[in-house]
Amino acid sequence: MKNMRIGIGIDFHRFAINRKLILGGVEIPHERGLAGHSDADVLLHAICDALLGAAALGDIGQHFPDSDPRYKNISSLLLLAETKQKIASAGFQIENLDATIIAERPKLAPYIAEMRSKIAEALGIGVSQINIKATTAEGMGAIGRAEGIAVWATALLSAQRAS
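What counts and how
- Per-chain numbering applies: the sequence of each chain, read as written, is numbered from 1 onward.
- Owing to the predicted nature of the model, reporting of local features is limited to residues with pLDDT of at least 70; listing and counting of side-chain atom pairs is limited to 80 or more, with chain, interface and lining totals taken over all residues.
- No hydrogens and no water enter the side-chain calculation; it runs on all heavy atoms of the structure.
- The rule is simple: put a 1 Å grid over the protein atoms alone, call a set of points where a 1.4 Å probe fits but cannot get out a cavity, call an open set with protein on both sides within 12 Å along at least five of seven lines a pocket, and count a residue as lining if it has an atom within 4 Å of a point.
- Grid points are joined across faces, edges and corners, and a volume is the space filled by probe spheres set on the points.
- Residues are sorted three ways: Asp, Glu, Lys and Arg are charged, Ala, Val, Leu, Ile, Met, Phe, Trp, Tyr, Cys and Pro are nonpolar, and all the rest, Gly among them, are polar.
- Following DSSP output, two strands are said to pair if at least two bridges run between them.
- The secondary structure listing takes helices from DSSP runs of H or I that are at least 4 residues long and strands from runs of E that are at least 2 residues long, numbered from the N terminus.
- Each aromatic pair joins two rings of Phe, Tyr and Trp (for Trp, the six-membered one) with centres within 6.5 Å, and gets the label stacked for planes under 30 degrees apart, edge-to-face for over 60, and tilted for any other angle.
- Each residue is assigned to one of three classes by its accessible area relative to the maximum for its type, calculated with a 1.4 Å probe on protein chains only: buried under 20%, partly exposed between the two thresholds, exposed over 50%.
- For this document, the term salt bridge refers to a Lys or Arg side-chain nitrogen within 4 Å of an Asp or Glu carboxyl oxygen.

A. Region of the structure containing the layout of surface pockets. Computed from the structure, the largest pocket encloses a volume of approximately 170 Å³. Looking at the largest pocket, it is lined by 14 residues, and the ones nearest its centre are His37, Ser38, His45, Phe64 and Asp66. A class-by-class count of the residues in the lining of the largest pocket yields 7 nonpolar, 6 polar and 1 charged.

B. Inspection of the pairing of strand 1 (residues 4–16) at higher detail. Across 11 bridges, the pairing between strand 1 and strand 7 (residues 148–159) is antiparallel. Among the inter-strand pairings, isoleucine 6 is bridged to a residue of strand 7, identified as leucine 156. Both strand 1 and strand 4 (residues 33–34) contribute to a ladder of 2 bridges, which runs antiparallel. Across the sheet, residue phenylalanine 15 finds its bridge partner in strand 4, namely leucine 34.

C. The arrangement of the packing of aromatic side chains in detail. Throughout the structure, instances matching the rule amount to 2 aromatic pairs. Residues phenylalanine 12 and tryptophan 152 carry aromatic rings whose centres are separated by 5.6 Å and whose planes lie at 75° to one another, so their mutual orientation is edge-to-face. One end of the pair, phenylalanine 12, is in strand 1; the other, tryptophan 152, is in strand 7, with 140 residues separating them in the sequence. Taking relative accessible area as the criterion, phenylalanine 12 reaches 48% and is therefore assigned partly exposed.

D. Spotlight on the pattern of salt bridges. On inspection of all chains with the given rule, the structure shows 5 salt bridges. Lysine 20 is paired through a salt bridge with glutamate 27; the nearest N and O atoms lie 3.8 Å apart. By relative accessible area, lysine 20 is classed as exposed at 55%. For glutamate 27, a relative accessible area of 48% translates into the label partly exposed. A salt bridge links glutamate 147 to arginine 145; the nearest nitrogen and oxygen atoms lie 2.7 Å apart. Under the relative-accessibility criterion, glutamate 147 is labelled partly exposed at 34%.

Below, the structure written as structure tokens:
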């Protein structure tokens with residue numbers, strides 16, 4: 001039986017003007033993007049945290065600090081690919097990812113297949129190993145007032161060697 005590890009990643013970004021909205025590596029038409037040091041891809045940031053957490057490697061801020069100019073406006077797909085290398089070096093492989101995006105708008109269903117494809121490519125895994133869902137906050141709280149977007153992500157890893 002494989003040694004399995006689960007990680008959870010949660011991230012929030014508020015909307016900002018004069019920014020592109022990037023989710024799962026996909027540019028989505030919207031009047032505002034998300035605030036952040038990198039491209040502010042809240043979905044990929046939560047997935048990175050879930051992967052790092054499952055491998056007991058800390059969090060995204062530890063590996064890609066927002067104080068480092070190398071990460072200014074960087075594509076989070078690059079951060080995701082580097083995260084994959086970090087967990088592989090620690091002896092883990094990805095079994096599956098599941099993420100829920102919470103946003104009042106824009107509607108995300110038309111973009112989910114492309115998000116899954118870009119994430120699979122960055123991680124070198126099959127699209128069937130990735131699930132992404134979108135829901136609203138039903139008008140409650142900051143997310144419900146469309147002040148930003150939140151994501152919860154879970155990763156399941158298997159150990160390739162004793163850890």
